[in-house]
Amino acid sequence: MMNNFPPGFVMIIGALLIPFLPHIIRQIYMLVLILTSAYALTLGFGIHTKITLMDFEFILFQSDPLTLPFAIIFHVAAVLNVMYGAHVKLWNQHMAIMSYSGAAIAAVHAGDLFTLFVWWEATAITSVFLIFAGKTKRSYGAAFRYLIVQIGSGMFLLAGAILLMSETGSAEFRNFDINSLYGQLIFIAFGIKAAFPLLNGWLQDAYPEASEIGTVALSVFTTKLAIFCFAKSFAGTDILILIGVIMTFFPMFFAIIENDLRRVLTYCLNSQLGFMIVAIGIGTELAINGAVAHAVVHILYKGLLFMGMGAVLYRTSTCKASELGGLFKYMPITAICTIIGAVSLSAFPLFSGFVTKTLILSALGKEGLVFAYFMLLFSSAGVLIYSGIRVPFFAFFANESKIKSKEAPLNMIIAMFSASILCILIGVLPSYFYNILPYQIHYQPYDFSHIVGQIQLLGFSALAFICLWHFKIYPSEINSTILNSDWIYRKMLPGVCLPLLNLVKNLNQKFYKFLEYLFVTVKNIFANTMIKNKVFDREVGQDTLIVVQLFIVILVLIFMWKIYF
């Protein structure tokens, strides 16, 4: 019976019972749901579940070498999210995270675009409650904007699916032609969820406003689902290389002046997505392996960093660099786990980020893409400066703040420790990790050139940060809000459109007043002509007068039509 259920579906259905369970039983129940869903991963590759409705075949559950690594890491992340949020007594966030995780897992196993659309929108609807859970005025506004953008992405996907169905008779989830209209619509849908340049504002707007456990969950599923979809449908599309390079590069200029450390991490998340997009654009087996591997480890180390900052937020009620500092003495375990996430992000040897970034850089070098190679190297150096060093430094070591806090709750520590161990194991034993990637690979990341080159890059980046900090050139931490591409729809469009709408409204009012004046004037003329000048020999009612006037107007229009046409 379980063979017929798509992975993740049992998590969505099971989430309906979460509100009715006591707190401790609820945690065990959610873990059981995840393990039950994970059972379907043992069924092997192929199409396992499909239904036919109105002569159309919906493929609800299919598995292939690309779905496997994403399904594994999504289940692992779901377990970590349950552990990390176990201290939260209210059921609403647990229910949202469980159904959100399940929808993302089910989407990975969709075999047609209409099934994908259902789960695509389900991830948007379920995840928005995690932003509402921030319970601030900013989080409510961000949640509505997030929902509009995510639902809009789904509309592009649905339009592309309908066009594909009408042209080919099938909506199979496969590789698409970017030059077709349906391909372009689907490309935009995936690009919105992947936070492409100028489409990325929702990411920095919404994620930092969610609850401390909500942001961790959000960092895992939505954008990585988009990466999976690009790898499945647009591998080898050249434009992705350019888009990915821009994604890796431009967030650093915003991140380096951002004060909210969770928002700094969202800029960094955006940059790391660029590495994956570049690799998908290359499209070779080595590059696709690099993109998938980097997506997997990114979920772990970026989730770990968000866990660390979530613990800080939980204990201190702030994540602003200008208000933090010196927390290492109060939260040492959180600090160490955050540092492990930071060094993994920065691709230090023996940590997870190193064994995946080298795959992508090697794929670039093998294809002779020199410009993109050096841009990604430069971005890697920037990541260390604005995120790898800055986040743990300002939270735990920089200016001594007056905040005195307790260590994170035990469940948070267990989740952070587990993610830290995975980051280290993948970095130390990459060959076992490479076995789950889509293509067979015989790659050794720990050769002399890779190690020396990376150490040099990290060393010079760290030296740059030290010099900037020592000579007070590094931008000071100011309590402010930084807008990037969301300035377009949060500031520019309202600033331009509202005056235009007011102008149109005023012109419309004047136009109606003019029509009213014109109507009254014409009516008075007709009344003077027809009644006062005795055109009619007897008195007539107003209704009759109106009918006569309309009849005359119709006759005039017919006469003019005959003359000119």
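Up top is the structure.
Quantities reported herein were computed from a predicted structural model and do not represent experimental measurements. (Residues numbered from 1 in each chain as written. Predicted model: local features only at pLDDT ≥ 70, side-chain atom pairs only at ≥ 80, totals over all residues. Heavy atoms only, no water.)

Q: Would you mind going over the pairing of strand S2 (residues 56-63) in detail, with residue names and values included?
A: In terms of burial, S2 is a largely internal element, six of the eight residues being buried. Two elements, strand S1 (residues 46-53) and S2, share seven bridges in a ladder whose sense is antiparallel. If you follow Thr52 over to S2, its bridge partner there is Glu57. Connecting S1 to the antiparallel partner S2 that follows it, the hairpin turn spans two residues, and Met54 within it adopts a positive phi of roughly 50°. (Buried < 20%, exposed > 50% of the residue type's maximum accessible area, 1.4 Å probe, protein only. Helix = DSSP H or I, 4+ residues; strand = E, 2+ residues; numbered from the N terminus. Pairing = 2+ DSSP bridges.)

Q: Can you tell me about the layout of surface pockets, naming the residues and giving the values?
A: Considered as a void within the structure, the second largest pocket measures approximately 220 Å³ in volume. Lining the second largest pocket are 13 residues, and of these Leu300, Leu422, Ile426, Phe433 and Ile436 sit closest to its centre. Contributing elements (two or more residues each) for the lining of the second largest pocket: helix H3 (67-84), helix H13 (285-316), helix H17 (410-428) and helix H18 (430-434). Top element by residues in the lining of the second largest pocket is H3. It accounts for four residues. Of the residues in the lining of the second largest pocket, the class split is 13 nonpolar, no polar and no charged. (1 Å grid on protein atoms, 1.4 Å probe; cavity = no way out; pocket = protein on both sides within 12 Å on 5 of 7 lines; lining within 4 Å. Points joined across faces, edges and corners; volume = space filled by probe spheres on them. Nonpolar A, V, L, I, M, F, W, Y, C, P; charged D, E, K, R; others polar.)

Q: Lay out empty space enclosed by the protein with the relevant residues and their values.
A: Under the criterion given, the structure shown has two cavities of 30 Å³ or more. The computed volume of the largest cavity comes to approximately 60 Å³. Every residue lining the largest cavity is listed: Ala77, Leu80, Asn81, Val216, Val220, Ile299, Leu300, Gly303, Leu304, Met307 and Ala419. Broken down by secondary-structure element, the contributors of at least two residues to the lining of the largest cavity are H3, helix H9 (212-233) and H13. Among the elements that make up the lining of the largest cavity, the one with the highest residue count is H13 (five residues). Partitioning the lining of the largest cavity into residue classes produces nine nonpolar, two polar and no charged.

Q: Mind laying out unusual backbone geometry, listing which residues take part and the relevant values?
A: One non-glycine residue, Ala195, lies in positive phi territory at about 60°. Within the element layout of this structure, Ala195 appears in the loop between helix H7 (181-193) and helix H8 (201-206). On the basis of relative accessible area, Ala195 is assigned to the buried category, the value being 0%. Of note in the backbone geometry, Leu350 takes a positive phi value of approximately 80° without being a glycine.

Q: Any chance you could break down the nonpolar core for me, citing the residues and the numbers?
A: Phe74, Leu113, Leu116, Phe190 and Phe230 are the most contacted members of the largest nonpolar core, which has 163 residues in total. Among the elements that take part in this core, H13 stands out by supplying 20 residues, more than any other. Each residue touching Phe190, except ones within four places of it in the same chain, is listed here: Leu116, Trp120, Leu157, Phe173, Ala226, Cys229, Phe230, Ser233 and Phe234. Within the second largest apolar cluster, five residues are counted, among which are Leu384, Ile389, Leu458 and Phe465. (Core = buried A, V, L, I, M, F, W, Y, C linked by side-chain atoms within 4.5 Å. Contact = heavy atoms within 4.5 Å.)

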